Amino acid sequence: MRVLVTGGAGFIGSHVVEALRARGHEAVVFDVREDTGADVRDPVAVARALAGVDAVCHQAAMVGLGTGFGDAAEYVSRNDLGTAVLLSAMAEAGVRRLVLAGSMVVYGEGRYVCPRDGVVRPGPRRVADLDAGRFEPRCPACGAEPAPGLVGEDAPADPRNVYATTKLAQEHLAAAWARATGGSAVSLRYHNVYGPGMPRDTPYAGVASFFRSALARGEAPRVFEDGRQRRDFVHVRDVAAADVVALEAGSAPGLLTVYNTGSGEPHTVGEMARALADAHGGPAPVVTGEYRLGDVRHITADSARLRAELGWKPEVGFAEGMREFAADG
Ligand SMILES: NC(=O)c1ccc[n+]([C@@H]2O[C@H](COP(=O)([O-])OP(=O)(O)OC[C@H]3O[C@@H](n4cnc5c(N)ncnc54)[C@H](O)[C@@H]3O)[C@@H](O)[C@H]2O)c1
Ligand SMILES: [Zn+2]
């Protein structure tokens, strides 16, 4: 198969390219970072790149929480305008297979069960609570602290920041494209991806990267809130493998199919900081009580659907992956 990998020079995209080639596929990199400076918002460049392509793996995006609301237009431009330009070029060129780098950020807060009210959907946390160190979300009905659980693909979307909003819009665009063209679209909703090649020291990087950079400077990783916020850290090679199986399998024509893509093994951010600090030989993490308004408290995936339908399973365990990541520089 000849696959166009947008964002193919990026962290996850470069692993996708490697995994595709290892499986005997042809991967064509399309990235603003490459010498060619190929931008997904450029219809001419995209149309040229689609020649002879069987499938597109769309990784190109502006990622992370950014530096403030001032980034909003650039997020929407790169992520949503970019996706729209790509999809209309695919419609024109007759390319009918798409795998999109989706994200768990579309869910907002994860799944919660209140002992009294059952499954509930806590809204954004209040600044006054966060300032007072009350980090757990409240049950919207009774105010109790509901227990976090695993979020399934059918959970309602509830994007909490600009980036999350653009990731959700990408899926809606992909669904509209699939309906209009009979194409098959898959969105892999990645959870917290980490591993070799992870971007560092930018406001757009992930938390594992911040911690590792601090350790490399001889500083303690600074863990926000109380460190007990839960995430699903999934290794980048496992994510790349999920992209490859999704590209090979295709999916129902005319539809967008979504899959959570996580390790299935939740850990707290504090545990992750400790694992990295241990592997690095210190210093031990400090819990600061700081917070970021756009952050959610707990978000962990139920990735059973991806395992059952596409036969994917993660191969890199948490301890092993964090050791490798800490050593990666
Ligand atoms: N890293 C994570 O934990 C994570 C989690 C969920 C989803 N994702 C998604 O995975 C995808 C890849 O993210 P990543 O972590 O590898 O980030 P990254 O920044 O390393 O890679 C993104 C790549 O896209 C390229 N790009 C950006 N705008 C472009 C444009 N307009 N035209 C062409 N190329 C452009 C960048 O140059 C970069 O190489 C993104 O869609 C992101 O939303 C990442
Ligand atoms: Zn309740």
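As a reminder, the structure under discussion sits directly above these lines.
Residues numbered from 1 in each chain as written. Chains lettered and ligands numbered in written order. Predicted model: local features only at pLDDT ≥ 70, side-chain atom pairs only at ≥ 80, totals over all residues. Heavy atoms only, no water.

Student: Account for the nonpolar core, with residues named and values stated.
Tutor: Formed by 44 residues in total, the largest nonpolar core has its most connected members in V5, I12, L20, L188, V193, M272 and L276. Take this core: its biggest share by element is seven residues, from helix α7 (residues 236-249). Sequence-distant contacts of L188, defined by excluding residues within four places in its chain, comprise V99, L100, A101, G102, S103, A242, D243, A246, Y259, T261 and L306. Within the second largest apolar cluster, 22 residues are counted, among which are V46, V85, M90 and W177. (Core = buried A, V, L, I, M, F, W, Y, C linked by side-chain atoms within 4.5 Å. Buried < 20%, exposed > 50% of the residue type's maximum accessible area, 1.4 Å probe, protein only. Helix = DSSP H or I, 4+ residues; strand = E, 2+ residues; numbered from the N terminus. Contact = heavy atoms within 4.5 Å.)

Student: I'd like a description of the site of ligand 1, backed by residues and values.
Tutor: Lining the immediate surroundings of ligand 1 are 27 residues, of which F11, I12, D31, Y163 and K167 lie closest. At 3.3 Å, a backbone N or O of V32 approaches a nitrogen atom of ligand 1. The separation between an oxygen atom of ligand 1 and a polar main-chain atom of V193 is 3.0 Å. Here ligand 1, which alone exposes 830 Å², has 91% of that area covered by the protein. Contributions of two or more residues to the shell around ligand 1 are made by α1 (11-22), β4 (97-103), α5 (162-181) and β9 (192-194). A breakdown of the residues in the shell around ligand 1 according to their chemical character gives 14 nonpolar, seven polar and six charged. (Near = heavy atom within 4 Å. Polar contact = N/O pair within 3.5 Å; in protein donor to acceptor, adjacent residues only side chain to side chain. Areas by Shrake-Rupley, 256 points an atom, 1.4 Å probe, with all protein chains shown as cover. Nonpolar A, V, L, I, M, F, W, Y, C, P; charged D, E, K, R; others polar.)

Student: Go over the coordination of the zinc ion (ligand 2) with me, naming the residues and quoting the values.
Tutor: The protein atoms that coordinate the zinc ion (ligand 2) are C114 (SG), D117 (OD), C139 (SG) and C142 (SG), at distances spanning 1.9 to 2.3 Å. Around the zinc ion (ligand 2) sit four donor atoms, and with donor-metal-donor angles ranging over 104 to 115° the site reads as tetrahedral. All donors to the zinc ion (ligand 2) come from one chain, and their sequence spacing reads C-x2-D-x21-C-x2-C. For C139, a relative accessible area of 3% translates into the label buried. (Donors = N, O, S within 2.8 Å, 3.2 Å for Na, K, Ca; no water. Tetrahedral: all angles 85-135°; square planar, octahedral: opposite > 155°, others 65-115°.)

Student: So what about unusual backbone geometry? Which residues, and what values?
Tutor: Working note: non-glycine residues mostly have negative phi, and peptide bonds are mostly trans. That bond from G282 to P283 is cis: its omega, -5°, falls within 30 degrees of zero. Of note, E225 is a non-glycine position whose phi angle comes to about 55°, a positive value. Turning to its location among the elements, E225 is positioned in the loop between β10 (222-223) and β11 (230-231). A relative accessible area of 3% places E225 in the buried class.

Student: Describe the sheet that holds strand β1 (residues 2-6), naming the residues involved and giving the relevant values.
Tutor: Ordered by their spatial adjacency, six strands build an open sheet running β2-β1-β3-β4-β8-β13, and the pairing between neighbours is parallel. Where the open sheet ends on each side, the last strands, each with one partner, are β2 (26-30) and β13 (256-261). The average undirected angle you get between the axes of adjacent strands in this sheet is 20°. (Pairing = 2+ DSSP bridges. Axes fitted to C-alpha atoms, helices over the stretch in contact; angles between N-to-C directions.)

Student: I'd love a proper account of the packing of helix α8 (residues 269-280) against helix α10 (residues 318-327), names of residues and values included.
Tutor: Contact geometry of α8 with α10 gives a least axis separation of 9 Å together with a crossing angle of 55°. In terms of their interaxial angle, α8 and α10 are classed as oblique. Where α8 crosses over α10, the two elements pack in a sense that is right-handed. In contact with E271, M272, A275, L276, A279 and H280 of α8, α10 contributes F318, M322, R323, F325 and A326. Its residues placed into classes, the contact of α8 with α10 shows eight nonpolar, one polar and two charged. (Parallel < 35°, antiparallel > 145°, perpendicular 65-115°, else oblique. Left-handed = near helix turned anticlockwise from the far one by under 90°.)

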